[in-house]
Amino acid sequence: MSLYVILIGVQGAGKGLQARLIEEHYGIPQVSTGDLFRAMRTRSDALALKVQDIMVSGRLVDDDTTNAIVEDRLAQDDAGNGVILDGYPRNQVQAQFLESHLAAKGAKVDAALLLELDLYTAFKRAFGRVSAANGESYNYYYNSDGVDFRWVNYDDHLFPPRLEASLAAGDIPLKRRPDDASADAIIKRIDTFLGTTQPLISYFENKGIMRKVNADQSIEAVWAEIRSLLDAR
Ligand code: AMP
């Protein structure tokens, strides 16, 4: 039986992390459009440069480009039994594209999970987060044990200064996503979420597949809620 799950939530709600847990448990791959776009960073063709520019500004990539990249990914062998979509669809046009794409292969969206998080916490989770090469994540505001954080001024005095971090043990540098480094870009992404992604909630509610999860809990507690919702389908 196939399983197509959509994760909806403001940035910082923990979609990526929960998607990885669903992936391991249910054996379907995580498809993150944000990750697919970030992977274009190493390319220098016109499309990749356009996408990088859009991402840094916090705006959304156009629907045609986004739908095409998802269609490609869903055609790969490992996606035959379903996927967890993280960060897609972001608006109704994308949702309708996905539904008709799945309908054409006799499948459907089984569940849309909304990870609910207040926007103040969402801002801190995104603006303060840094991660290690192994995916381990830390945060300047509430998970900073064992991490040295430094605010470093840019030469041209851009505001806010750059946040640098490293693991105290071993002085291992930690990375911050470039699109998390600008407070303005994060605010734009939250605004975009409110303006275009939030309406998707009633869209999926009307289809009877929307389930809400409190994302302001420990990773384990959020995961337990998700698992019981998916098992109860
Ligand atoms: P994310 O990692 O999901 O926060 O995505 C990072 C950035 O990639 C977003 O701010 C957008 O610029 C772009 N992006 C990711 N998913 C989509 C999507 N479904 N539609 C349009 N743009 C997207």
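As the structure is a prediction and not an experimental result, all values here were calculated from the model. (Residues numbered from 1 in each chain as written. Predicted model: local features only at pLDDT ≥ 70, side-chain atom pairs only at ≥ 80, totals over all residues. Heavy atoms only, no water.)

(A) Molecular detail of the overall build of the chain. Secondary structure summary: the chain contains nine helices and 10 strands in total. What you see for the chain is a C-alpha radius of gyration of 18 Å, in line with the 17 Å of a compact globule of 233 residues. On the principal axes, the C-alpha backbone points of the chain span a range of 55 × 40 × 35 Å. Counting only contacts in the chain whose residues sit at least 6 apart along the sequence, the fraction spanning at least 24 positions is 65%. Carbon together with sulfur atoms contributes 51% to the accessible area of the chain, which is approximately 12,000 Å² in total. Where the 26 positive side-chain charges of the chain centre and where its 33 negative ones centre are 1 Å apart. (Helix = DSSP H or I, 4+ residues; strand = E, 2+ residues; numbered from the N terminus. Rg over C-alpha atoms; globule rule 2.2 N^0.38 Å. Contact = heavy atoms within 4.5 Å. Areas by Shrake-Rupley, 256 points an atom, 1.4 Å probe, with all protein chains shown as cover. Lys, Arg positive; Asp, Glu negative; His and termini not counted. Charge placed at Lys NZ, Arg CZ, Asp CG, Glu CD.)

(B) Quick peek at the site of the ligand. Near the ligand there are 16 residues, and of these T33, R38, R59, G87 and Q94 occur at the shortest range. At 2.9 Å, a backbone N or O of G87 approaches a nitrogen atom of the ligand. A distance of 3.3 Å separates an oxygen atom of the ligand from a polar atom in the side chain of R177. Computed on the free molecule, the ligand has an accessible area of 470 Å², of which 97% lies beneath the protein chains in the complex. The greatest single-element share of the shell around the ligand, amounting to four residues, is contributed by helix α2 (residues 33–38). (Near = heavy atom within 4 Å. Polar contact = N/O pair within 3.5 Å; in protein donor to acceptor, adjacent residues only side chain to side chain.)

(C) Region of the structure containing helix α8 (residues 199–206). Of the positions making up α8, those classed as buried are L200, I201, Y203 and F204. Taken down its axis, α8 places every buried residue within 160° of arc, on the same side. At its buried positions, α8 is contacted by β1 (3–8), α5 (92–104), β4 (111–116), α7 (183–197) and β10 (210–214). Looking one or two residues past α8, G208 carries a phi angle of roughly 75°, positive in sign. (Buried < 20%, exposed > 50% of the residue type's maximum accessible area, 1.4 Å probe, protein only. Arc of directions from axis to C-beta.)

(D) Local environment of the environment of R38. Relative to the assigned elements, R38 resides in helix α2. Given a relative accessible area of 16%, R38 falls into the buried group. Note: C-alpha distance between R38 and Y141 (103 residues apart in sequence) is 25 Å. If sequence neighbours within four positions are ignored, R38 has contacts with S32, M55, R177 and D179.

(E) Looking closely at the sheet that holds β4. The strand order across the open sheet built from five strands is β2-β3-β1-β4-β10, with neighbouring strands paired in parallel fashion. Each having just a single partner strand, β2 (30–32) and β10 make up the two edges of the open sheet. Between one strand axis and the next, the sheet turns through 25° on average, direction left out of account. One ladder, built from four bridges, connects β1 with β4; its direction is parallel. When the bridges of β4 are listed, I8 appears paired with L114. Sheet strands in contact with helix α1 (residues 15–26) are β1, β2, β3 (82–86) and β4, and its direction is about 170° off that of β3. (Pairing = 2+ DSSP bridges. Axes fitted to C-alpha atoms, helices over the stretch in contact; angles between N-to-C directions.)

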